[in-house]
Amino acid sequence: MITAVLLLAPTAAVTASTTALAAGEAAGGTTAGAAVPLPVASLDSSVDVTNAGSSSTGSRNAGVQPYWNNTTWFSYTPAETVRVYIRATSLSPGGWDNTLEVWTAAGTLVAQNDDSYSLDAAVTVTLTAGVDYRIALGAFQPMYKGTARLTFATRVPSPPRDVQATPGDASVAVSWTEPEDLAGGVTSYEILCTPEGGTESLCMSVSGTPPMTSAVVSGLDNGVSYGIRVTASNVIGPSDPAAAPSSGGTVPRAVSAVALGTSVASPASGEPFDVTASVTAGGSPVDGGTVDLTVAGTVHAGLPVVDGVATVTGVQRPAGTTALAATFSGTESVAGSSASSSVEVVKAGQTVTIDSPGTDLTYGGTPVQLVGRSSADLPLTFAASGACTVSDGYLQLTGVGGCEIVATQAGDSETEPASASIQVTVGKRAQHLTLPGLTGLTVGFAPIPVADVSDVGLPVTVTATGACRLVDGAVVGTRAGECELVATAEGDEVTLPATATVSGTIAAVPTAPTVPTPAPSVPATVQAEIGRGLGAVAQGTPVSATGTGLLPGSELVLEVHSTPQVIGTATVGADGTATVTGLLPAGLEAGDHRLIAVGTALDGSRAEFVIPFTLAADGTFARIADQSLPALAVTGSEVGSAVGLSVLWLVAGAGMVLVARRRLARR
C-alpha cells in the first residue's frame, strides 16, 4: 500500500463553506470515462458515496486505471487552483478497507492512498483551475464494498480547545481538546513554549491519525515561568494557537518528597524526643522554604527547612499512637509536597529494687517490714516463698532455709510492669534454757520445781548430780554438799540445740547445843509387811514397805537378808512419802532371815524397819517376828491343837511388830 500526500501551500485563497448534503448515497460511474459529477457545492463539504455497484480490478499501476479495486468515479473541474484534502471514512460496513485515487481526465495519476486513518484513505492534492479531474472511491481487496463519507477541506482546523498546562520536574504536562472544526482531520498538534523574558519556540510536535491530545514537554528549566500555546494542523496548515490559562506563566519545579521521623525510634511515655520533616528533591536535600509540622493535632507552622530538615524539639507524648503530618511550602524551583505518618509511643520502663531485710534472720523471729522502691515512684506488691511469707508488708519467718522475696509493680497506662527478687537465708532459731537458782539452800529445803526450762517449749533433759536429785520434776537435796543441774535440749528442724548449767552448795542444817532442836512436824516413819502368815510358802510371798516424813529424793529400799538381796526401791516424793513392793525371791535357805526397809529422814539420819522370820526346811514360814510353830504331829487332833496354838502366836507376834514399829519410829 502506498500513501501519496503532497504538502503544498494553496496558490489561491478559497472561501470555506459548507453545503448540506442530500440524504442517501451517491454512486459514481463504473469507469473514469463514465464518471458522474461530484455532488458537492464546494470543496469544503462532504458527501456519502458507495462503490456497491462497481466491480473492477485494480492495476496497482500508476499508468493504468483503476489503481484499486471496485472503483466508483466522480468528475470535478475547479474554477481556480486550490489545495484540497480528501478523506474517505467507512460508514457501512464500519471499518471496511477503502481507497482513494485522483486522476486527470487525460489519464495521469495525481494521487492514490490505501490507509491514512487506520483503514480509511486520505489524499491531499492541488487541483489546477480548469483541469478536469477524476476522483474514485475503491477497495483494497476485491471483496470490499460499502459506503464511505468523502470529506473535502481547503482550510486549516480551528484552534484546540481547553488547553491546560501542569508544571512538573523540569517539565510541563500539556493537555487539550481537539478543535471544534477538524477541517477534514488534524494530522498534528504543535506545543509552543515561551520562557519568561525569551522568545516562543516549538517545544514539541504530536503526530498521528488522529494525534494524541496530550503530551509532556521535558527539558525545561525548573523555576522558570513558561507560556504554553498549542496549534492544530492538517495537511493545509496550522490553526491559530490556543494558550493555556496561567497567571504569571507555568513554572516547572522539581518534585519534592517529605519524610517524617523521630530522634528516637520508639520514644517512651514522657520521654522528650524530636520530630523531623526531611525534604528532598531528586534525592538531594532541599535548602529553603518552610514546613508546617503537625504533631498530634498541634500545628507548628513556618518551620524553616535547613539542609533539608525542619524540626520540632522536646515533644513529650503519652503512650499510644501519635499522628504526624508535614506540608512543605515549596521554593521557586522545588514544588511543595506533604506527608503523614505516626509514631508509636511505648510505655516507659521502670526498675524495682528491694532493700535487704538483714542477714540475721531466724525462724519465728520478729517480722521484718519490707522496703523497696520503683523508679517510677509507683507502689510495690511483695510476695515470698520458701522459708517465709509476707503479711501486710512484713516478712514472716516461717521456716528454715532459702527465702525468695519478690517485689512486683504492675505498671499503669504509661508505665511497663517490672519486678525484682532477692534471696535470703532463714536460720534456725536459738532457744534459751532457764534453770532455778541454787543459792542459800540447806538440807531439807522445800523441793524446787524444774519446769518450762526451754523458752520455745521443746523437751529438755535435766540431770542433777552431787548433793541433789530430781524428784517428780523438782530439785530436792539429798545431803550437804555441791549440787549441779545440767539442762540439755537437742533442738529440732527449726531450733538450735542448747545447754545450761547451774550449781550451788547445800548446807547442813545448823545445830545449836544450848538450844534444843524442835522435833520435825512430820516424824520419819518406815513400815514393812509380809503378805503371808506362818506355814505359808515363803517363795513369791508379797512384801511391801512404806515411808513418811522421809527426805524427798532419797530412796526407800526393801531388802531381804541374811545374804542381802534388794527386792525393790522407790524414790521418795516431794511430800516425803514412798512405797515399794516386791516378792520374796526363790532360793532362800532354811533358817533365820530379815525383811528390812531403809529410808533417810529429813535430817539425813537412817530410818529403818526390820521383820525377822525363819524358814522351815520345806521353805515355809516357821517364825515371823518372834512367832514360831512347834513341832506338829501329823494326826488330825494334833493338827487342830497346832492351829489353835498358831493363832495365839500370831496375836502375840502382831503385838511385837507394833512395838518394833513404834520403837523404830522414835529413832
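This structure is a prediction, so every number in the text was calculated from the model and none was measured.

Another aspect to go through is the environment of A265. Within the element layout of this structure, A265 appears in the loop between β18 (256-262) and β19 (273-281). A sequence separation of 80 residues divides A265 from V345, and the C-alpha atoms of the two residues are 9.2 Å apart.

Before going further, it helps to spend a moment on the state of the cysteines. As enumerated under the stated definition, the model contains three disulfides in all. One disulfide in the model links C388 with C403; its S-S distance is 1.9 Å. Measuring handedness by torsion sign, the sulfur bridge of C388 and C403 sits at about 90 degrees and is right-handed. One end of the pair, C388, is in strand β30 (residues 388-391); the other, C403, is in strand β32 (residues 401-409), and 15 residues separate them in sequence. Both residues of the pair, C388 and C403, belong to the buried class. Two residues, C468 and C483, share a disulfide whose sulfurs are 1.8 Å apart.

Turning next to the sheet that holds strand β36 (residues 461-466). Taking strand neighbours across the sheet as the criterion, the four strands line up as β34-β40-β39-β36 in an open arrangement whose pairing is mixed. Where the open sheet ends on each side, the last strands, each with one partner, are β34 (441-442) and β36. In this sheet, strand β40 (residues 498-507) lies alongside β34 in parallel orientation, the contact comprising two bridges. What sits directly across from T442, in β40, is A507.

Our next topic: unusual backbone geometry. For the peptide bond that leads from Q65 to P66, omega is -10 degrees, which places it in the cis range. Tracing the chain through its elements places P66 in the loop between β3 (46-50) and β4 (69-76). The omega torsion of the bond from S92 to P93 falls at -5 degrees, within 30 degrees of zero and hence cis. Take P93: it is sitting in the loop between β5 (82-92) and β6 (98-104). Notably, A296 is not glycine yet its phi reads approximately 50 degrees, a positive angle. Residue placement: A296 occurs in the loop between β21 (290-295) and β22 (298-304). What makes A296 partly exposed here is its relative accessible area of 32%. Positive phi, close to 50 degrees, is recorded for D452, a residue that is not glycine. You can see D452 is positioned in the loop between β35 (448-449) and β36. With a relative accessible area of 72%, D452 lands in the exposed category.

Per-residue pLDDT for the protein has a mean of 87; in total, 88% of the residues score no lower than 70. Mean pLDDT values for the elements of the protein range from 35 in helix α1 (residues 636-665) up to 98 in β6. Low pLDDT, under 50, characterises residues 514-520; the predicted model gives this stretch zero contacts beyond four residues in sequence or across chains. Within the model, the stretch residues 631-667 combines pLDDT values under 50 with 28 contacts to residues more than four positions away or in other chains.

Once that is clear, we can look at the side chain of S554. Following the sequence through the fold, S554 ends up in the loop between β42 (542-548) and β43 (555-561). A distance of 2.4 Å separates a polar atom in the side chain of S554 from the backbone oxygen of L551. In contact with S554, other than residues within four places in its own chain, are R469, A570, T571, V572 and T600.

Another aspect to go through is the side chain of R134. Looking at where R134 falls in the secondary structure, it is placed in strand β9 (residues 133-139). Residue classification places R134 among the buried residues on the basis of a relative accessible area of 12%. A distance of 3.0 Å separates the side chain of R134 from the backbone oxygen of A32, its partner in a polar contact. Among the polar contacts made by the side chain of R134, one reaches the side chain of D132 at a distance of 2.7 Å. Sequence-distant contacts of R134, that is, excluding residues within four places in its chain, are made with A32, A35, W73, F74, S75, E101, V102, W103, T104 and A105.

On to the packing of aromatic side chains. In total, this model carries four aromatic pairs according to the counting rule given. On the numbers, 5.8 Å between centres and 45 degrees between planes, the contact of W68 with F140 is tilted. With W68 in the loop between β3 and β4 and F140 in the loop between β9 and β10 (147-153), this residue pair connects regions lying 72 residues apart in the sequence. The same class applies to W68 and to F140, which are both buried. Between F613 and F621 the ring centres are 5.7 Å apart and the planes differ by 75 degrees, which places this aromatic pair in the edge-to-face class. The class of F613 is buried, set by a relative accessible area of 0%. Sitting above the plane of the Y117 ring, R87 keeps its charged end 3.9 Å from the centroid.

One open sheet holds the three strands; their spatial order is β11-β12-β15, and the pairing between them is antiparallel. A strand with exactly one partner marks an edge of an open sheet, and here the two such strands are β11 (161-168) and β15 (214-218). Each strand axis lies, on average, 20 degrees off the axis of its neighbour in the sheet, ignoring direction.

Within this structure, the stated rule accounts for nine salt bridges. Ionic pairing is found between E555 and R469, a salt bridge with its closest N-O pair at 3.8 Å. Of this pair, E555 sits in strand β43 while R469 is found in strand β37 (residues 468-471), placing the two residues 86 residues apart along the sequence. A relative accessible area of 36% places E555 in the partly exposed class. A relative accessible area of 28% places R469 in the partly exposed class.

Let's shift gears to the pairing of β43. Counting buried positions over the seven residues of β43 gives five, a clear majority of the element. By the bridge criterion, six bridges tie β43 to strand β44 (residues 565-571) in an arrangement that is antiparallel. Residue pairing across strands places V557 opposite T569, the latter belonging to β44. Counting the residues between successive antiparallel strands, the hairpin from β43 to β44 contains three residues. The pairing of β43 with strand β46 (residues 591-600) spans five bridges and is classified as antiparallel. Each bridged residue has a counterpart across the sheet, and for L558 the counterpart in β46 is A597.

Cut-offs applied
Residues numbered from 1 in each chain as written. Predicted model: local features only at pLDDT ≥ 70, side-chain atom pairs only at ≥ 80, totals over all residues. Heavy atoms only, no water. Helix = DSSP H or I, 4+ residues; strand = E, 2+ residues; numbered from the N terminus. Disulfide = S-S within 2.5 Å. Buried < 20%, exposed > 50% of the residue type's maximum accessible area, 1.4 Å probe, protein only. Pairing = 2+ DSSP bridges. pLDDT = per-residue confidence, 0-100. Contact = heavy atoms within 4.5 Å. Polar contact = N/O pair within 3.5 Å; in protein donor to acceptor, adjacent residues only side chain to side chain. Phe/Tyr/Trp six-rings, centres within 6.5 Å; stacked < 30°, edge-to-face > 60°. Lys NZ or Arg CZ within 6 Å of the ring centre and 35° of its normal. Axes fitted to C-alpha atoms, helices over the stretch in contact; angles between N-to-C directions. Salt bridge = Lys/Arg side-chain N within 4 Å of Asp/Glu carboxyl O.

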